[in-house]
Amino acid sequence: MSGSIYGRLFQVSTWGESHGAAIGVVIDGCPAGLKLQESDIQAFLNRRKPGQSKYTTMRQETDQVEILSGIFEGYTTGTPISLMVRNQDQRSRDYSNIASVYRPGHADYTFTQKYGFRDYRGGGRSSGRETIGRVAAGAVASALLDELGIHICTYAKSIGPICVDESDYHYNEINENKLYMPNNEIAKHASEYLDKMLENSDSAGGIIECRVEGLPVGIGEPVFDKLDSCLAQAIFSIGAVKAFEIGDGFHVAELNGSTNNDAFYVKDNEIHKKTNHSGGVLGGMSDGDTLIFRTAIKPTPSIAQPQQTVTEDKKNTELVIKGRHDPIIVPRAVVVVESMAAITIADLLLQNMNSRLDGIKKFYDC
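Keep in mind the model is a prediction, meaning the values are calculated, not measured. The numbering scheme is per chain: residues are counted from 1 as the chain's sequence reads. Only residues with pLDDT of at least 70 are given local features in this predicted model, and only at 80 or more are side-chain atom pairs given and counted; all residues enter the totals for whole chains, interfaces and linings. In computing side-chain properties, one takes all heavy atoms of the structure into account and sets aside hydrogens as well as water.

Enquirer: Please clarify how the packing of aromatic side chains should be interpreted in this entry.
Expert: The description of an aromatic ring pair uses the distance of the two centres, along with the angle that the planes make with each other. Side-chain rings of Phe, Tyr and Trp, where Trp is taken by its six-membered ring, are said to pair if the distance between their centres is within 6.5 Å; with planes under 30 degrees apart they count as stacked, over 60 as edge-to-face, and otherwise as tilted. Scanning all chains against the criterion turns up 6 aromatic pairs. Taken together, a centroid distance of 4.9 Å and an interplanar angle of 50° make the contact between Phe 111 and Tyr 115 tilted. Of this pair, Phe 111 and Tyr 115 are both found in helix 2 (residues 108–115), 4 residues apart, which corresponds to roughly one turn of the helix. Ring pairing ties together the aromatic residues Tyr 155, Tyr 169 and Tyr 171, which thus form one cluster. Starting at the N terminus, helices and strands are each numbered in turn, a helix being any DSSP run of H or I of at least four residues and a strand any DSSP run of E of at least two.

If you want it as structure tokens, here you go:
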């Protein structure tokens with residue numbers, strides 16, 4: 001099976017299964033001398049670990065990271081960084097009733113048809129638990145971006161039909177509620193909605209928004225390796241993602257050129273934009289403004305309602321999924337989206353670092 005490696009210069013390779021001994025990641029290409037400790041990585045993993053509230057799976061995992069290589073006395077060495085998280089609370093018996101049944105909304109059918117075999121215990125590589133490696137790598141990438149003055153803020157813009165209007169954003173409240181919404185009051189309404197979903201043995205989806213501040217102009221390439229196209233690939237690689245938009249996104253279809261274009265102006269001898277419909281990207285390259293994108297997360301497919309499906313030997317049947325599952329993926333996926341954005345931007349920064357002749361000369365003069 002290919003496709004477990006992402007990136008060119010800042011390269012990430014995740015490994016492990018949901019019910020295997022451990023989950024992990026190898027990061028190749030991180031520069032030497034970056035200040036990095038276990039606690040920096042753990043802070044990211046704590047944001048995605050299960051059991052944080054009644055709206056997440058009750059699987060009890062500490063998700064404690066172990067650094068196996070690449071970091072010495074609190075600094076990266078420039079060699080591959082290997083990180084591991086051991087699985088501690090597998091209950092494979094919860095999946096015995098689906099060993100030969102295809103769960104609606106899951107990868108069971110396609111995985112079996114492609115490979116002729118699947119690990120039915122939690123989905124194996126198709127499990128959301130695979131994102132542990134992404135988040136651990138995202139912590140490393142974010143530490144690198146912080147050193148360069150680039151900062152990422154990610155949050156749940158909406159839960160089901162409950163949405164926070166941009167005029168009501170309070171970024172300081174994102175970590176004050178279990179749903180990671182930028183408004184505590186709206187988060188209460190979203191919690192009430194999720195309570196109804198729990199009562200009905202149903203699930204919900206939502207929208208995650210990400211803002212990146214401090215990007216220099218010119219990150220990304222003008223044809224196939226556009227900043228927005230690379231981000232789209234990275235975000236769509238997350239299992240529950242069903243849509244991606246940057247800037248005004250789908251709303252641009254309703255606009256005109258006169259309203260969608262961002263007018264330029266000069267202030268203090270620097271070029272700025274009066275608006276940001278572009279979402280910080282022009283021609284596939286960062287334009288120096290805030291990078292803004294959103295992604296839609298589907299409702300959790302594992303629900304305790306009876307569902308119609310088929311068996312591997314092509315017989316119709318009814319399935320009730322047992323076990324411990326998130327009624328909504330969005331809150332735990334916030335840090336996953338942030339991590340994939342950080343990894344992508346770190347990789348593109350390294351690729352673009354010496355794209356100009358004067359930059360190459362400065363590099364060799366150091």
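Enquirer: Just to check I follow, could you spell out the packing of helix 1 (residues 38–48) against helix 3 (residues 131–147) for this structure?
Expert: Packed helix pairs are specified by the crossing angle of their axes together with the interaxial distance, meaning the distance between the axes. Helix 3 packs onto helix 1 with a crossing angle of 135° between their chain directions and a minimal axis gap of 8 Å. Regarding the angle of helix 1 to helix 3, the classification is oblique. Note that helix 1 runs across helix 3; the crossing there is right-handed. Contact residues: helix 1 offers Asp 40, Ile 41, Phe 44, Leu 45 and Arg 48, while helix 3 offers Thr 131, Ile 132, Val 135, Ala 136, Gly 138, Ala 139, Val 140 and Ser 142. Residues were grouped as follows: Ala, Val, Leu, Ile, Met, Phe, Trp, Tyr, Cys and Pro as nonpolar; Asp, Glu, Lys and Arg as charged; and all remaining residues, including Gly, as polar. For the contact of helix 1 with helix 3, a count of residues per class yields 8 nonpolar, 3 polar and 2 charged. Axis geometry follows a simple rule: fit a line to the C-alpha atoms, using only the stretch in contact for helices, then measure angles between N-to-C directions, giving values from 0 to 180 degrees. Angles below 35 degrees are treated as roughly parallel, those above 145 as roughly antiparallel, those between 65 and 115 as roughly perpendicular, and all remaining angles as oblique. Left-handed describes a crossing in which the near helix is turned anticlockwise from the far one by less than a right angle; the clockwise case is right-handed. A contact between two residues is defined here by any heavy atoms of the two lying within 4.5 Å.

Enquirer: I'm lost on unusual backbone geometry in this one. Help?
Expert: For residues other than glycine, phi is negative in most cases, and the peptide bonds are mostly trans. Of note in the backbone geometry, Asp 268 takes a positive phi value of approximately 55° without being a glycine. Here Asp 268 shows up in the loop between strand 12 (264–267) and strand 13 (270–273). On the basis of relative accessible area, Asp 268 is assigned to the exposed category, the value being 68%. Of note in this structure, Asn 269 is not a glycine but carries a positive phi near 65°. With respect to the element layout, Asn 269 can be found in the loop between strand 12 and strand 13. Three labels apply to residues, based on accessible area from a 1.4 Å probe with only protein chains included: buried if under 20% of the type maximum, exposed if over 50%, partly exposed otherwise in between.

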